[in-house]
Amino acid sequence: MFLSHMYTFLVTFTHCVFFKVSCSSSEFSLDGDYLLGGLFPVHEIQHATPLLSPEAIECFRHTLSKSGYQMFQVMRFAVEEINNSTTLLPNVSLGYDIFDYCSDTKNFPSVLSFVSQNGSIKPQEKLNSHQPKVIALTGPYGSTRTLTIVPLVTMDLIPLVNYGATSYKLSDKRRYPSFMRTIPSNKDLIQMIIRIIQWFGWNWVAFLRDPDSNSEDGLQLFNSYIKNTGICLAYQEVLSQSVNYSLTLQKINGLNVNVIVVFTGSQYAKNIIKAAIANNIRNKVWIASETWSMNQQLPKEPGVEKIGTIVGITERMFSLPGFHEFVYKAKGTADKTTNDKAESEIQMKTCNQDCDNCSMLTAEEMPTFSFAIYSAIYTIAHALHKVLQCDINGCRTNITVKPYMLLGEMKKLDFPLSGRHVKYDVNGDPVVSCAVVLWHTETNPPWIQMVGTYETNPEITFTINNSLMPWHNNVPFSNCSVECKEGFSRERVGYHDCCFLCKKCPQNHYMNYSRLDP
């Protein structure tokens, strides 16, 4: 009963501030036989403040995100490419409704729009009767935002093919049955970080995270997976806005830790890197999570070349032929319609389908999540191809498509896409194709180079090209203790197994390390 009343309130509220206006934009909306939903961070709120009264979010008032705008354009590009295909959905067109998603908690109107039918939501309606506005959606970026809205979507088994939420919690199909993703989960990302640590023989590391649940998820997985690996977590810290970054760095230095995992969002990564520069930190190895490993501004930070070596994990490099031309064409169309939208400008701003400054952006730099978005749209299209029983003669048009039908087909997909392989496991997680990258901050301009790979299909493989690393054969040391020489045994010191003294073996005795757990 409470849930029903809650939905009545939400739908009534949404009807007032959302369905009452007609949101349309040449870039944010496209008509088609089947509609897809998209949520992208075209703008970002830099510093969230507590609400004192209810209010609707107006994303255009906040900071424009270049990467968010590019993500948004990748979806549009993929839809146009599919609509121009003569084989995937030959006589069927895809449309979309895309919204700027700039807040963790205030963007519900867009999601309620997706799950609505003719402007209303009936929570108790059966799946066979309900026909939501969209057949599937992608987004939003980030685990916190996704966890906020996913219950609304999975309630009707609408496929949410996500491109930017890595929390391992979302792999739980009992709680999130219609959630799938095209980006590796934290399980794979953390395992990749551990493989980097093992590759270079380190065992004494620090782990820094930010306050959100995704970073907490990463730390929990890290602690779980380093058991029986010989790796010790020497120090951990939550990098909140109030934390003393200088003191954190002093503690890390005091423990003689030289490898620091920074599993945070880009803002907290920026804070700790700037603090390291200001505190004259030297010769550390910084392992960047995928959220900031391809950051375009941090490598240019004055003094960053002095703090040590920055390596990171990211999606494999990917280019989209024709994407730049598509964005330039889209900009030209948007410029022509600017003068014609004055009457509906307020409506688009209210609906978060407006971007005043986007026409100034270019397609020079592709976003980190380009393939994840591209493959998300193609996943939906391939599932629709199966549901509509398409062949060389076309697709059947007498089939009533329900979102849960696509979900069933998505779980069985296995297809090539731009030299990659798209396939999902039982949890809706994809096969992984990631890269290890190295920041070259000593050059002007700085640049980022791929130095290693991590693949899970057809089997797990991990490799780093040691010749591309700056230290060559002189790998930085980050171990609690120096390995004992022959004729000596370990005597543990303190809590950690990797901290020990070397004690000389008694006469006629020896230590067989091959029988010790690693």
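This write-up is about the structure you can find in this document.

So, how was this worked out
- Residues numbered from 1 in each chain as written.
- Predicted model: local features only at pLDDT ≥ 70, side-chain atom pairs only at ≥ 80, totals over all residues.
- Heavy atoms only, no water.
- Core = buried A, V, L, I, M, F, W, Y, C linked by side-chain atoms within 4.5 Å.
- Buried < 20%, exposed > 50% of the residue type's maximum accessible area, 1.4 Å probe, protein only.
- Helix = DSSP H or I, 4+ residues; strand = E, 2+ residues; numbered from the N terminus.
- Contact = heavy atoms within 4.5 Å.
- Salt bridge = Lys/Arg side-chain N within 4 Å of Asp/Glu carboxyl O.
- Disulfide = S-S within 2.5 Å.
- Axes fitted to C-alpha atoms, helices over the stretch in contact; angles between N-to-C directions.
- Parallel < 35°, antiparallel > 145°, perpendicular 65-115°, else oblique.
- Left-handed = near helix turned anticlockwise from the far one by under 90°.
- Nonpolar A, V, L, I, M, F, W, Y, C, P; charged D, E, K, R; others polar.
- Pairing = 2+ DSSP bridges.

**Let's talk about the nonpolar core**
- Core analysis: the largest hydrophobic core is formed by 56 residues, its most contacted members being Leu89 and Tyr374.
- Counting residues per element, the ones that place at least two in this core are strand 2 (34-40), helix 2 (66-83), strand 5 (94-100), helix 9 (323-337), helix 11 (370-387), helix 12 (403-410) and strand 14 (414-417).
- At twelve residues, helix 11 tops the list of elements feeding residues into this core.
- Ignoring any residue separated from it by four or fewer positions in sequence, one finds leucine 89 in contact with Ile82, Leu94, Ala381, Leu384, His385, Cys390 and Cys395.
- If you look at the next biggest cluster of nonpolar residues, it comprises 35 residues, including Ala234, Val243, Ile310 and Ile448.

**Re unusual backbone geometry**
- Proline 140 follows glycine 139 through a cis peptide bond whose omega is -10 degrees.
- On the secondary structure map, proline 140 appears in the loop between strand 6 (136-138) and helix 4 (143-154).
- Looking along the chain, the bond that leaves asparagine 457 and enters proline 458 is cis, with omega of 5 degrees.
- Along the chain, the position of proline 458 falls in the loop between strand 17 (447-455) and strand 18 (461-464).

**Examining helix 3 (residues 108-115)**
- The element helix 3 is largely enclosed, with a buried count of seven among its eight residues.
- Listing the buried residues of helix 3 in full gives Pro109, Ser110, Val111, Leu112, Ser113, Phe114 and Val115.

**Re the pattern of salt bridges**
- In the structure shown here, the tally under the stated rule is ten salt bridges.
- The partner of aspartate 172 in a salt bridge is arginine 174, and the shortest N-O contact between them spans 3.5 Å.
- One salt bridge in this structure joins lysine 503 and glutamate 491, with 3.8 Å as the shortest N-O distance. Here lysine 503 is found in strand 20 (residues 500-504), whereas its partner glutamate 491 is found in strand 19 (residues 488-492), with twelve residues between them in sequence.

**As for the state of the cysteines**
- Tallying each qualifying case throughout the model produces five disulfides.
- Between the sulfur atoms of cysteine 232 and its disulfide partner cysteine 498 the distance amounts to 2.1 Å. On the criterion of sequence distance, the pair formed by cysteine 232 in strand 10 (residues 232-238) and cysteine 498 in the loop between strand 19 and strand 20 is long-range, its members being 266 residues apart.
- On the accessibility criterion, cysteine 232 (6% relative accessible area) is buried.
- A relative accessible area of 4% means that cysteine 498 is categorised as buried.
- Covalent S-S linkage joins cysteine 484 and cysteine 502, the inter-sulfur distance amounting to 2.1 Å. Because the torsion about its S-S bond is -95 degrees, the bridge between cysteine 484 and cysteine 502 counts as left-handed. In this pair, cysteine 484 is assigned in the loop between strand 18 and strand 19 and cysteine 502 in strand 20, connecting sequence segments 18 residues apart.

**A word on the packing of helix 5 (residues 186-199) against helix 6 (residues 213-225)**
- One way to put it is that helix 5 packs onto helix 6 with a least axis distance of 9 Å and a crossing angle of 50 degrees. The orientation of helix 5 with respect to helix 6, classified from their angle, is oblique. Of the two elements, helix 5 crosses helix 6, and the hand of that crossing is right-handed. Contacts between helix 5 and helix 6 involve Asn186, Lys187, Ile190, Gln191, Ile193, Ile194 and Ile197 from the first element and Asn214, Asp217, Gly218, Leu221, Phe222 and Tyr225 from the second.
- Residues of the contact of helix 5 with helix 6, tallied by class, amount to seven nonpolar, four polar and two charged.

**Examining the sheet that holds strand 12 (residues 284-288)**
- Strand order in this open sheet of eight strands is 10-9-11-12-13-16-17-18, and the pairing throughout is mixed. Across the chains shown, the open sheet's two edge strands, defined by having one partner strand only, are strand 10 and strand 18. Ignoring which end each strand starts from, the neighbouring axes of this sheet average 25 degrees apart.
- When strand 9 (residues 204-209) meets strand 11 (residues 259-263), the two strands line up parallel, connected through five bridges. Of the residues in strand 11, the one forming a bridge with alanine 206 is isoleucine 260.
- Sitting on the sheet, helix 6 is in contact with strand 9, strand 10 and strand 11, with an inclination near 160 degrees to strand 9.
- Docked against the sheet, helix 8 (residues 266-278) engages strand 9, strand 11, strand 12 and strand 13 (308-315), running at close to 170 degrees with respect to strand 12.

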